[in-house]
Amino acid sequence: MSDLEQEPLLGINTTNNQYTFTPAQQSPSPPPTYRTIEDDTLPETSTLGRNLTWTGSYILIISRVIGSGIFATPGSITSSVGSIGLSLLLWIIGAILAACSLAISLEYGCMLPRSGGDKVYLEFTYQHPRFLASTLVAAQAVLLGFTASNCIIFGRYVLFGIGWEAEEWAQKGLAVGLLTVITVVHGVSVSIGIKIQNFLGWIKVFLIVCMAASGIYVVLFRPETSQGETPGFEVFTWEELWRDSVWSWGVVSTALFKVFYSYAGLSNVNNVLNEVKDPVRTLKTVGPVALFTACSLYLLVNIAYFMVIPISEIKESGELIAALFFERVFGTGFGRTVLPFAIAISAVGNVMVVTFALARVNQEIARQGFLPYSSLLSSSRPFNSPLGGLIVHYIPSILVISLPPLGDVYAFILDVEGYPGQFAALATAIGLLLLRKRRPELKRPFKAWLPAVWLRILVCVALILAPFSKPENGRGDVSFWHATYAVVGIALIFFAVLYWYVWFILLPRWRDYHIEEEVTVLEDGTSITKLVRRKKE
């Protein structure tokens, strides 16, 4: 193999931009075959096959977007911003900004139709300094690519439904148990996992439609409930809409993070494009349809909450606002027992699709050689599933569920997940503009509207700076320092940069070697990259 340095993913720095492949089980090696960096622009079929239709892709998005957020966060958002009008305004702004982000993902996904999402896009765009983009993506995906908040919501609502006291050990036990079962299901059978998550996704959509309809029914035909009179349409008078509004940008930005989290997942299909049938055509339609569905349902459910539950109770509800809604609409018995289980099932659907997608991202990172035991973690054996990626996803998720104190864990998880993601979003948005200038010849079946790209850039910068604006009351939505999540996110980025500098710059200079990417094909047909040290001649 040439001593010339190669670029991450499929790109290299040789004179003919080629990759060397070494079959894993053959010796001596046959003449090398090559792949160019332009292969990134071509669809690649997973060794698992293309199992996702348009409907399956839609559920993969809508189940990711509509998780526990709409059932849990409106209470804390309203408590933070103070008024109904400002709360609803944030949900609308969130949808607009989500559309901007979606447009960027659509252009990238149609241009580079490969599994991996932001991993593929950032590595293709930022090829220098060598390995830096790969290291940052790997650090964020592995350390922050956990699934914890919906597991916690599942535990809380199950305990609420059966009438048990919400002991910490019980909530964490249920959360860990849920994640373990889902990991096993996806790891043993891809087809069964897809069927289950599709079924749960349609239940979720049906549940939200019923919630919105039942709220309107109660206001119109049964304004007196067992819990007292409902606020009704009077809360939407102009004066009531904006009463007690808190316009501090620090408070609003933290609430906006929660709204973003509720819209997060519109690019979920980008992570698994190797398994999607007709990926480019599917991607261009399924994302916008899912965004319109989510925005409509979110607004309807929020309106139903405000019409049925007094604003004072909403502000004190925490993550149990939906349970209070069910109690007022259906009574203590049915509302407190049956429907909280339905919300728990909705959380299960979210955990399933998030685990499904992030396992594929982790598998792609392992294929790149940025995880130990890459051959084992990249392989689809023994069940023809990404079991290695599932394990990489399972470990940090369990730690996040088990270790932090439960009182503030939900709010902190939402914040710490969202903040570092703004740096990645900023990099992809800027990268899109750079690629249009550097590579105008690339085929772009979808092009994002430039004002949407610039708006996304401005919002990312504002949200990166916002946590350091002190809230009016001196504290955020957790009992500790309000900007802790921002410091944790920035520390992670610095750690990843330091790791990259030590392993790919400092040590090679000190020990006089360079790193090559040697590509091997596993027995199941999966191609992986091994980072090999070569002494300089």
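Residues numbered from 1 in each chain as written. Predicted model: local features only at pLDDT ≥ 70, side-chain atom pairs only at ≥ 80, totals over all residues. Heavy atoms only, no water.

Before going further, it helps to examine unusual backbone geometry. Omega for the bond connecting His128 with Pro129 falls within 30 degrees of zero, at -5°, which places this linkage in the cis form. Relative to the helices and strands, Pro129 resides in the loop between α4 (118-125) and α5 (132-144). Geometrically, the link from Arg381 to Pro382 is a cis peptide bond, its omega value of 5° lying close to zero. Position of Pro382 among the secondary structure elements: in the loop between α15 (374-378) and α16 (387-402). Within the chain, Asp244 stands out as a residue other than glycine whose phi angle is a positive 65°. Locating Asp244 in the fold gives a position in the loop between α9 (238-241) and α10 (249-263). Overall, Asp244 belongs to the exposed group, its relative accessible area being 53%. Positive phi values are uncommon outside glycine, yet Asp278 reaches one of about 50°. Looking at where Asp278 falls in the secondary structure, it is placed in the loop between α10 and α11 (279-308). Asp278 sits in the partly exposed class, given a relative accessible area of 41%. (Helix = DSSP H or I, 4+ residues; strand = E, 2+ residues; numbered from the N terminus. Buried < 20%, exposed > 50% of the residue type's maximum accessible area, 1.4 Å probe, protein only.)

Summed over all chains, the structure comprises 14 aromatic pairs. For the ring pair Tyr263 and Tyr298, a centre distance of 5.1 Å and an interplane angle of 70° mean the geometry is edge-to-face. With Tyr263 in helix α10 and Tyr298 in helix α11, this residue pair connects regions lying 35 residues apart in the sequence. The burial state of Tyr263 is the same as that of Tyr298; both residues are buried. Among the aromatic side chains, those forming a connected cluster through ring pairs are Trp54, Tyr58 and Trp202. Above the ring of Phe356, the side-chain terminus of Arg360 is found at 3.7 Å from the ring centroid. (Phe/Tyr/Trp six-rings, centres within 6.5 Å; stacked < 30°, edge-to-face > 60°. Lys NZ or Arg CZ within 6 Å of the ring centre and 35° of its normal.)

Now for helix α1 (residues 54-65). Between its first and last C-alpha atoms α1 spans 16 Å; for twelve residues at 1.5 Å apiece the expected length is 16 Å, and the two agree. Of all twelve residues in α1, ten are buried; the element is thus mostly enclosed. (Expected span 1.5 Å × (residues − 1).)

Before going further, it helps to spend a moment on the environment of Ala133. With respect to the helices and strands, Ala133 occurs in helix α5. Between the alpha carbons of Ala133 and Ala427 there is a distance of 9.9 Å; along the sequence they are 294 residues apart. Dropping the residues within four chain positions of it, Ala133 is found in contact with Leu122, Glu123 and Tyr126. (Contact = heavy atoms within 4.5 Å.)

Quick look at the confidence of the model for the protein now. Per-residue confidence for the protein gives a mean pLDDT of 80; residues scoring 70 or more make up 85%. By mean pLDDT, strand β1 (residues 21-23) is the weakest element of the protein at 43, and helix α3 (residues 84-111) is the strongest at 92. Below a pLDDT of 50 lies the segment residues 1-37, which in the model reaches 98 contacts outside its immediate sequence neighbourhood of four places, other chains included. (pLDDT = per-residue confidence, 0-100.)

A word on the side chain of Glu364. Structurally, Glu364 is set in helix α14 (residues 332-368). Note on Glu364: relative accessible area 11%, which makes it buried. Dropping the residues within four chain positions of it, Glu364 is found in contact with Ser115, Gly116, Lys119 and Asn274.

A word on the pattern of salt bridges. Side-chain pairs of opposite charge can arise where the charged atoms are in close proximity. All chains considered together, the criterion is met by ten salt bridges. Of the charged contacts, one joins Lys119 and Glu123 as a salt bridge, the two residues approaching to 3.1 Å between their closest N and O atoms. Taken as a pair, Lys119 and Glu123 lie in helix α4 at a separation of four residues, close to a single helical turn. An identical accessibility class is assigned to Lys119 and Glu123; each is buried. For Arg367, the salt bridge goes to Glu364, with nearest N and O atoms at 3.1 Å. Here the residue Arg367 and the residue Glu364 both occupy positions in helix α14, the gap between them amounting to three residues, near one helical turn. The two residues Arg367 and Glu364 agree in class, both being buried. Within this structure, Glu107, Arg436 and Arg444 form a network of salt bridges that share partners. (Salt bridge = Lys/Arg side-chain N within 4 Å of Asp/Glu carboxyl O.)

It is worth spelling out the packing of α11 against helix α13 (residues 321-330) at this point. Running from N to C, α11 and α13 cross one another at 60°; their axes reach a closest spacing of 10 Å. One way to sum up the angle between α11 and α13 is to call them oblique. As α11 packs across α13, the resulting crossing turns out to be left-handed. Within the contact between the two elements, α11 uses Ala304, Tyr305 and Val308 and α13 uses Ile321, Ala322, Phe325, Arg328 and Val329. In the contact of α11 with α13, the residues fall into seven nonpolar, no polar and one charged. (Axes fitted to C-alpha atoms, helices over the stretch in contact; angles between N-to-C directions. Parallel < 35°, antiparallel > 145°, perpendicular 65-115°, else oblique. Left-handed = near helix turned anticlockwise from the far one by under 90°. Nonpolar A, V, L, I, M, F, W, Y, C, P; charged D, E, K, R; others polar.)

A large share of strand β4 (residues 513-521) lies buried, amounting to eight of its nine residues. Bridge analysis of β4 against strand β5 (residues 527-535) gives nine bridges, and the strand direction is antiparallel. From the neighbouring strand, Val519 faces β5, where its bridge partner is Thr529. Here β4 folds back onto β5, and the loop between the two strands holds five residues, one of which, Gly525, carries a positive phi near 95°. (Pairing = 2+ DSSP bridges.)

Another point: the packing of α10 against helix α18 (residues 450-465). One way to put it is that α10 packs onto α18 with a least axis distance of 10 Å and a crossing angle of 120°. Taken together, α10 and α18 sit at an angle that is classed as oblique. Crossing hand, α10 versus α18: left-handed. Contact with α10, carried on its side by Trp249, Ser253, Leu256, Phe257 and Phe260, involves Val459, Ala462 and Leu463 of α18 and no other residues of that element. Residues belonging to the contact of α10 with α18 are distributed by class as follows: seven nonpolar, one polar and no charged.

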